[in-house]
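For reference, the chains in residue letters:
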Amino acid sequence: MDRRIIANEEWLWGWDPTPGIVSVWAEANGRAVVWRRDPQTGVLVREQARFRPWLVLDRIDDLPGLAHRELDGPGALRYFLSAEDGTALASAICRARGVRHLRELGQESVLSLPPEEQYLVATGRTYFRDLSFSHLRRMQFDLETTGLSPEDSRIFLIAVRDPDGNTEVLEGPDEADLIRRLVAKVQAVDPDVIENHNLQGFDLPFLDHRASVLRVPLALGRIGAPGLRQRPGRRRVRYVVPGRELIDTLDAVLRYDFAARDLPGHGLKEVARHLGIAKTDRENIPGDRIFTVYQTDPDRVRRYAASDVEEVAELARMMGGAAFALATMAPRRYERLADAGAATGVIDPLLVRAYLRSGMALPSHRSGDGTAHTGAALHLFASGVARRIVKADVASLYPSLMRAYRIGPERDHLGVLLAIVDQLVERRLAAKAAARAAPPGSSAQHTHEALSAAMKLVVNSAYGYLAAGDGLTRFADVHAANEVTRRGRETLGLMCSELAARGVTLLEADTDGVYFSVPESWTEVDERRVVSEVNALLPPLVQLEFDGRYAAMLSHEPKNYALLTYDGKLLLRGVAFRSSRAEPFGEAFLKVSIARLLVGDVAGVREAYLTTVDSLRRRELTTYAVSSRVRLTKTPERYLETRVSRRELAYEAMLASGRTAWSIGDKVRVYRVNGGSAGVVEDGLDPRDYDGEHYARLLRETFAARLARAFEPDDFAAVFADPGQMSLFGRSIASISTVLTQHDT
DNA sequence: TTGTCGCGGGG
DNA sequence: GTGTACGCGACAA
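Residues numbered from 1 in each chain as written. Chains lettered and ligands numbered in written order. Predicted model: local features only at pLDDT ≥ 70, side-chain atom pairs only at ≥ 80, totals over all residues. Heavy atoms only, no water.

Chemist: Would you mind going over the domain arrangement of chain A in detail, with residue names and values included?
Modeler: Domain boundaries in chain A define domain 1 (3-123), domain 2 (133-319), domain 3 (370-408 + 477-571) and domain 4 (573-741). Put simply, the middle of domain 1 and the middle of domain 3, counted by C-alpha atoms, are 45 Å apart. (Domains from an automatic or database assignment.)

Chemist: Tell me about the side chain of Arg37, residues and numbers included.
Modeler: With respect to the element layout, Arg37 can be found in strand β2 (residues 31-37). Look at Arg37 and you get buried, because its relative accessible area is 7%. Here Asp192 takes part through its side chain, which lies 2.7 Å from a polar atom of the side chain of Arg37. Each residue touching Arg37, except ones within four places of it in the same chain, is listed here: Gly20, Val22, Gly42, Val43, Leu44, Leu131, His135, Arg137, Asp190, Asp192 and Arg222. (Helix = DSSP H or I, 4+ residues; strand = E, 2+ residues; numbered from the N terminus. Buried < 20%, exposed > 50% of the residue type's maximum accessible area, 1.4 Å probe, protein only. Polar contact = N/O pair within 3.5 Å; in protein donor to acceptor, adjacent residues only side chain to side chain. Contact = heavy atoms within 4.5 Å.)

Chemist: So, the sheet that holds strand β8 (residues 138-145): which residues are in play, and what are the values?
Modeler: The sheet built from five strands is open, its strands ordered β10-β9-β8-β11-β14 with mixed pairing. In this open sheet, the two strands that pair with only one neighbour each are β10 (167-171) and β14 (245-248). Adjacent strand axes in the sheet meet at a mean angle of 25 degrees, parallel and antiparallel pairs treated alike. The pairing of strand β9 (residues 155-161) with β10 spans five bridges and is antiparallel. Bridge pairing in β10 links Ile158 to Leu170. Lying over the sheet, helix α9 (residues 298-327) contacts β8, β9, β10 and β11 (193-196), oriented at roughly 145 degrees with respect to β8. (Pairing = 2+ DSSP bridges. Axes fitted to C-alpha atoms, helices over the stretch in contact; angles between N-to-C directions.)

Chemist: Can you break down the pattern of salt bridges residue by residue, with the values?
Modeler: Tallied over the full model, the rule gives 60 salt bridges. For Glu9, the salt bridge goes to Arg427, with nearest N and O atoms at 2.8 Å. With Glu9 in helix α1 (residues 3-13) and Arg427 in helix α13 (residues 416-437), this residue pair connects regions lying 418 residues apart in the sequence. A relative accessible area of 30% means that Glu9 is categorised as partly exposed. Between Arg282 and Asp308 there is a salt bridge, and its shortest N-O distance comes to 2.4 Å. Of this pair, Arg282 sits in the loop between α7 (268-274) and α8 (290-296) while Asp308 is found in helix α9, placing the two residues 26 residues apart along the sequence. Judged by relative accessible area, which is 12%, Arg282 ranks as buried. Under the relative-accessibility criterion, Asp308 is labelled buried at 4%. Salt bridges linked by common partners bring Glu117, Arg238, Asp251, Arg332, Arg336 and Asp339 together as one network. (Salt bridge = Lys/Arg side-chain N within 4 Å of Asp/Glu carboxyl O.)

As structure tokens, this is what we get:
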């Protein structure tokens, strides 16, 4: 085989075939423990390994006598040093350079990875070879506590789900005993992976704190002394346990939403509902009510907690596959790949391993030369209502441009980044095909889809890696990044002008995609034909694809629009049309009125408006429907201090409802009560004492306003005129039509 | 009014 | 061990 191809394979997957690694724990003293699961039998084995801790330095003239190897090429980090004991090596260097820790040398002078990564890079091993996601032994647990803060609340119940899907609820008045039982359960089940939503942000810190207060040893790991260890992380400290991978589904959700941008929120319940994981009869209890409900109806809380771990298990399965697949490529722990950003978290380790494998020196991080980073193009050609909509886009535009024009980091002399992107793009096609060929719902399908998702993630972050500012990534190159975006703007411009030349009306174009409206006489065949005609004019490897067709579109602002599909479904995109804090009545009104608008039923829009105004004024809508969700950020004491100068609805509502004790972070639904006071929506109560006039005003000024671009100003005023003042407008609603306004671009 | 900061999540 | 969510409300000036 071609030597270059072999190199590329190793760059992507490492080279050591050892199968079944499910966890690695290594220490600076050169000892590593590797847990492997036999792909055939599923049996877990623990292996002790020795490795030579290593690091790479910029110079060694001050370190006479230290064994080293000089790497090839022009990179600044060129002296590879290794030793029996990494601690001794590090302290020898620190002594010579007069620092207390290697970190102080700065990343321009030293590359020093965590011990596990040293081990994986040096051996060419990766996690999970020959293993599929379903082989992993995954356990979920969820704490139910009396409050959010471990200082003044406690654990009263723990739901646990084992890898075979059995759910158990631990409870009892003795919190220390509860924690001991959780620890015993973890030891008995011996999972490879522990999962929960916001595990790192809530459950582990809470557990850690309570266990230390109660002096219960937290022996959750497979080896070593009890107690959670910590490592610094992006958002906060991350907890680590030897032998097990800690997976926080919140990380997967954030990563998913970063690309998809279609989640209503990032909470477990919202995501589970959105993805169709949640059972329809799922028990739901507002967070601040859980302990109260437990005292009168403990069964409800048991069901609630059990649903949580079951939903987490399914969510982790659906979203965890990508990180699992990444762990078969990059020399990092599975849990690190699950929470890291793709650029520094995945691509950088791949590049480092490739360079060292090739015996090449690495560039050190370097700040830019002051050249500004230039971004993508965004055009709003027209706003208002248009019909016969087509969306066309270029999948993975930036990586395609990098491949087409061979734009890579200047200092990547081996060409690893482009080689990796080339290979991932090609292999992804195979993975997608394999996923399509696999039986629906099978483990094989999950594996191929996850691999494809992982490859897409890496490919799409190759540009981000290039463009990362101010020394963030090792090979960052603002000139190369600017060349990519310049080609991107050029490509988008070409797409738009060639589409326009073929008789379509351009609506909106952003980075790599364009919405346009086609003439009335066109069929779908015509629509597809122009897309493929324009595609033929684009650079090789850059593929313009027909992404969808819609009956109508309300274009409000860039990235804020509504689409009506040909089978009558309404899609709302952008913050103007979906806000988690919006009052339910407003969301409902938007849905109905825009649906009417997009079928050309202006009278129906008016009708929806009148009905809503009327129901608000008569208080026919529930109190819940007008309430909005708020998060309390001040303690009662702190609010009382500022109350004289500034009254806030949420806290006034709490006080008016007699709820004088609350904690920071509590979420409640509040509303404006008739007469100027405020109220909290209590479980199961519906007092209907809200200020209908206030909400009628909100309807017009906040919600109806989002349809403003659909009409001429006078017509807008007529459609949304107050029912009492209709006579001011002499014209009939039926004669009003929607408009599309062209903008200069 | 305009600018800056912190949040999202978890009970 | 690396960070660049990104859009919104709260708070200060």
